[in-house]
Every structure is written in C-alpha cells, then in structure tokens.
Amino acid sequence: MLDSFTQSVMLLLVAAFLVAFVLLLYMVSPLISPKPLKLAGAHVVVTGGSSGIGKCIAIECFKQGAFITLVARDEAKLVQAKKEIEKHSVNDKQVVLCISVDVSKEYRQVENVIKQAQEKLGPVDMLVNCAGTSLSGKFEEIEIDRFARLMEVNYLGSVYPSRAVISTMKERRMGRIVFISSQAGQLGLFGYTAYSPTKFALRGLAESLQMEVKPYNVYVTVAYPPDTDTPGFTEENKSKPLETKLISETSSLCQADQVARVIVKDAVQGNFNSSVGSDGYMLSSLTCGMSPVTTITEGLQQVVTMGLFRTIALFYLGSFDSIVRRCMMERQACQKADKTD
Ligand SMILES: NC(=O)C1=CN([C@@H]2O[C@H](COP(=O)(O)OP(=O)(O)OC[C@H]3O[C@@H](n4cnc5c(N)ncnc54)[C@H](OP(=O)(O)O)[C@@H]3O)[C@@H](O)[C@H]2O)C=CC1
Ligand SMILES: CCCCCCCCCCCCCCCC(=O)[C@@H](N)CO
C-alpha cells in the first residue's frame, strides 16, 4: 500500500493533468469551431418564410443585412410577409424575393425554384428549412393518409431544398443549413404519433449530413423549439387532445421572434444544436447522444449534466404518465355518468 503522502501527491498530479488537459482543449478549440457566417449581404432562403417562426427568422436575417428568398405555397401570404419584412431594411440594396412552391411534392420543382433564386440573388449562403405543419390526436383516430403526408411535408420538404443547395455550398466551401425540428423531435409524447417521427427524422438527416459536409466548411443546425405562439400553433390547438395540452404546458410557450433570434444566432455560429429556454437546454443536453459537438464547453456541460438531467427527466415522465391515467379515468367516469342519465 502507498503511504498517504504519496497518495495525495498522485491525486494532485491527476487533478493537475485534468486541468491542463481541459486548458489545452480550450486552446485548440478556436481551431475546431467554425468561423461565424456574415449575414450582411448574404443570401438566406427561408422555406415556410411567410408565417410564424419562418417569417421571424427572415426578419431577423434581414435586420442583419441579408437578402431573403421566401418559399411557401400561398402567394397572398408571401406578398404580405414580404411587405412586413421590408420594413426592417438596414440599407436600400436589400431585396426580398418570393417564390410559391410546395416543397414536399416534386424534387425537380424545388430544384428549379432554388435555381431561380440563385440567378437573382446569388448562391445561397444559408438555407432555413422551416416549412412544416403539425397535427395531434390519438394514434387510432388520425386518418391513415396523414402519416405519409406529414412525413412528406416535414421531412421530404426539408430534404428537397437541402439537396438543391448542398453541391454549390460544398464547392464554395461555405454555407449553413438549418432544420427546424421541435422538442417533440427529442421525446415522444401523447398525441404526437404522426408528428414526432417527422421531427426525429430531421435529426437523423442532420447528423449524417453534418458528418459529410464538415470538411467543406458547411455547418448544419437543428433547432428544437418548444410550443411557440404562431398561426400554425393556433391551428394545431383546435384539435389537440387534453393530455397533449397538459403535458406540453410543462414547457413554456415562446414568442416566435424570441425563438427566431436564438435560431439565427446558433446558425450563424455554426452550432449543431439550437434550443430555447431552460427545459430546452436540459432536453438537448439529455438527448445529445452521438450528435456532433461544436464547442468544448458544450461537450463538457453534456458530460457533467447527463446523470442529473436523467434524474429530473424520470420525475417528468412519472408526471406525464399520471396525467394520461387521470384523463383516462375522467373520461371513463363521464361515459358512465352519460349512460346512467
Ligand atoms: N409553433 C410551434 O409551436 C412549433 C413549431 N415548430 C415547427 O416550426 C415550423 C414552423 O412552424 P409555425 O411557424 O408554427 O408554422 P406556420 O403554420 O405559422 O407556418 C408554416 C409555414 O410553412 C409553409 N408551408 C407549409 N407547408 C408547406 C409546403 N408543403 N410547401 C411550402 N411551404 C409550406 C406555410 O405557408 P403555406 O401554407 O402558404 O405554404 C407557412 O409559411 C414547422 O416545421 C413546425 O413543425 C416546432 C416547434 C414548435
Ligand atoms: C430534463 C428533462 C426536461 C424535460 C422537459 C420536458 C418538456 C416536454 C414538453 C414537450 C412539449 C412539446 C412541444 C412540441 C411543440 C411543437 O412542435 C408543436 N407545437 C408544433 O406546432
């Protein structure tokens, strides 16, 4: 056995080694983290840019001097959004271009739209895939066609535009691609059997793509917003099961401009992960899995907090299960009362 003096010296050496190691990591970290993208004069394409989070992302980029292409289906909504965005111009050269297309139908159509946009405003520096829609309901009550349709819009609707811009980005050795997932893309919950998988799918796409394009200095960001006050959210709430409402209330309701600011900041910095609020932070840390890490600080935080956040998560899961059980019992009680009436 070693005497206690030798033991203390060894402990001290190990601690010193660890500190030196972390310091070294920090010293080389500027070498591995990406250079921020300059939005002034950049061409940013925002799908779903005519409403909600997408529109706010376009405004945020416009405020920083970017040229914008908005992509969505409804032309009237596009024109309206263009007017709103133009109010925030910082110089008189800035342009907002609108193109109407369904991003989920035909790859060739989407490719043409991107070509048109590049001819007018130059190569795309940043693509934000925000076109999407949500739907909640019990698994057996969701019309069967909706599963495929949701996958088309939320998943393929992000694949097509990304596929159309990626080659030019790789050639230019620069670019950003942003996917808008959701907190429902980090955990599955009651009512989201059709929606959650489309948002999980984006994470798989983003991780794989990031590994391919990182050597070309192209950076991918996945955003996981919580419930956000948008026209889409209002629509979703019209048919949301009580369970889904109660469980979702665990996480705060955010404003679209606040969510957009965070997403744009993370995309500019080239962060893989983008989350809002304290529950967003916990969820992202807890579910980081094998996703790429952008800064040493992020990696260290994940390592240190993982166990603690899992412990907290177990309590949340317990409370979600009891919400579901309570709702079921209340429904059964109502049905019984109805029968005896
Ligand atoms: N609001 C929320 O609580 C949250 C939203 N999200 C995600 O953020 C994204 C935006 O949501 P939000 O701002 O609420 O949605 P909105 O419904 O307010 O806006 C959706 C936008 O996408 C466009 N769009 C929808 N389908 C298509 C399509 N097939 N082709 C082209 N454009 C399309 C819409 O225009 P048009 O209909 O004219 O085509 C509109 O511009 C979605 O992917 C959503 O899942 C994630 C987490 C939370
Ligand atoms: C350490 C663990 C912390 C756990 C916190 C858990 C919080 C769960 C809340 C989930 C809310 C789901 C929002 C979906 C938003 C969305 O995508 C739709 N509104 C689309 O319109």
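Note that this is a predicted model, so its numbers are computed, not measured.

Caption draft 1: Main features of the site of ligand 2. Around ligand 2, the structure places 15 residues, and the nearest of them are Ser 134, Ser 182, Tyr 195, Asp 227 and Glu 236. Separating an oxygen atom of ligand 2 from a side-chain N or O atom of Ser 182 is a distance of 2.6 Å. For ligand 2, the protein covers 94% of the area, taking 600 Å² as the surface of the free molecule. At the level of secondary structure, the elements contributing two or more residues to the shell around ligand 2 comprise helix H7 (231-237) and helix H11 (296-340). By residue class, the composition of the shell around ligand 2 is 9 nonpolar, 4 polar and 2 charged.

Caption draft 2: Expanded view of the side chain of Ser 136. With respect to the helices and strands, the residue Ser 136 is situated in the loop between strand S4 (126-129) and helix H5 (144-172). Residue Ser 136 is classed as buried on the basis of its relative accessible area, which comes to 6%. Excluding anything up to four places from it in sequence, Ser 136 contacts Gly 191, Tyr 192, Glu 236, Ser 239, Lys 240 and Pro 241.

Caption draft 3: How the structure looks around the layout of surface pockets. Volume-wise, the second largest pocket comes out at about 430 Å³. Contributions of two or more residues to the lining of the second largest pocket are made by helix H9 (256-269), strand S9 (273-275), helix H10 (277-286) and H11. Here the residues of the lining of the second largest pocket are counted per class, giving 7 nonpolar, 15 polar and 4 charged.

Caption draft 4: Up close: unusual backbone geometry. Positive phi, close to 55 degrees, is recorded for Arg 173, a residue that is not glycine. Along the chain, the position of Arg 173 falls in the loop between H5 and strand S5 (175-180). For Arg 173, a relative accessible area of 46% translates into the label partly exposed. Non-glycine residue Asn 217 carries a positive phi angle of around 65 degrees. Structurally, Asn 217 can be placed in the loop between helix H6 (196-213) and strand S6 (218-224).

Caption draft 5: Representation of the packing of helix H2 (residues 52-63) against H9. Here H2 crosses H9 at 55 degrees, and the two axes come no closer than 8 Å. It follows that H2 is oblique to H9 by the angle criterion. Helix-helix and strand crossings are classified by hand; for H2 and H9 the assignment is right-handed. Listed contacts from H9 to Gly 52, Ile 53, Cys 56, Ile 57, Glu 60 and Cys 61 of H2 are Ala 256, Asp 257, Val 259, Ala 260, Arg 261, Ile 263 and Val 264. Each residue belonging to the contact of H2 with H9 can be placed in one class, and the counts come to 9 nonpolar, 1 polar and 3 charged.

Caption draft 6: Region of the structure containing the sheet that holds strand S2 (residues 67-72). Strand order in the open sheet formed by 7 strands is S3-S2-S1-S4-S5-S6-S9, and the pairing between neighbours is parallel. Strand pairing shows two members of the sheet lacking a second neighbour, strand S3 (96-100) and S9, which therefore form its edges. Taken over all neighbouring pairs, the strand axes of this sheet differ in orientation by 15 degrees on average, direction set aside. Across 4 bridges, the pairing between strand S1 (residues 43-47) and S4 is parallel. Within the sheet, the bridge partner assigned to Val 44 lies in S4 and is Met 126.

Caption draft 7: Focus on the site of ligand 1. Close contacts around ligand 1 come from 30 residues, with Ser 50, Ser 51, Arg 73, Thr 228 and Thr 230 the closest. A distance of 3.0 Å separates a nitrogen atom of ligand 1 from a polar atom in the backbone of Val 103. Protein chains bury 92% of the 890 Å² of accessible surface belonging to ligand 1 in isolation. Mapped onto the shell around ligand 1, the elements with two or more residues apiece are H2 and H7. Residue contributions to the shell around ligand 1 peak at 3 residues, all from H7. Considering only residue class, the shell around ligand 1 consists of 13 nonpolar, 11 polar and 6 charged.

Reading guide: rules and limits
Residues numbered from 1 in each chain as written. Chains lettered and ligands numbered in written order. Predicted model: local features only at pLDDT ≥ 70, side-chain atom pairs only at ≥ 80, totals over all residues. Heavy atoms only, no water. Near = heavy atom within 4 Å. Polar contact = N/O pair within 3.5 Å; in protein donor to acceptor, adjacent residues only side chain to side chain. Areas by Shrake-Rupley, 256 points an atom, 1.4 Å probe, with all protein chains shown as cover. Helix = DSSP H or I, 4+ residues; strand = E, 2+ residues; numbered from the N terminus. Nonpolar A, V, L, I, M, F, W, Y, C, P; charged D, E, K, R; others polar. Buried < 20%, exposed > 50% of the residue type's maximum accessible area, 1.4 Å probe, protein only. Contact = heavy atoms within 4.5 Å. 1 Å grid on protein atoms, 1.4 Å probe; cavity = no way out; pocket = protein on both sides within 12 Å on 5 of 7 lines; lining within 4 Å. Points joined across faces, edges and corners; volume = space filled by probe spheres on them. Axes fitted to C-alpha atoms, helices over the stretch in contact; angles between N-to-C directions. Parallel < 35°, antiparallel > 145°, perpendicular 65-115°, else oblique. Left-handed = near helix turned anticlockwise from the far one by under 90°. Pairing = 2+ DSSP bridges.

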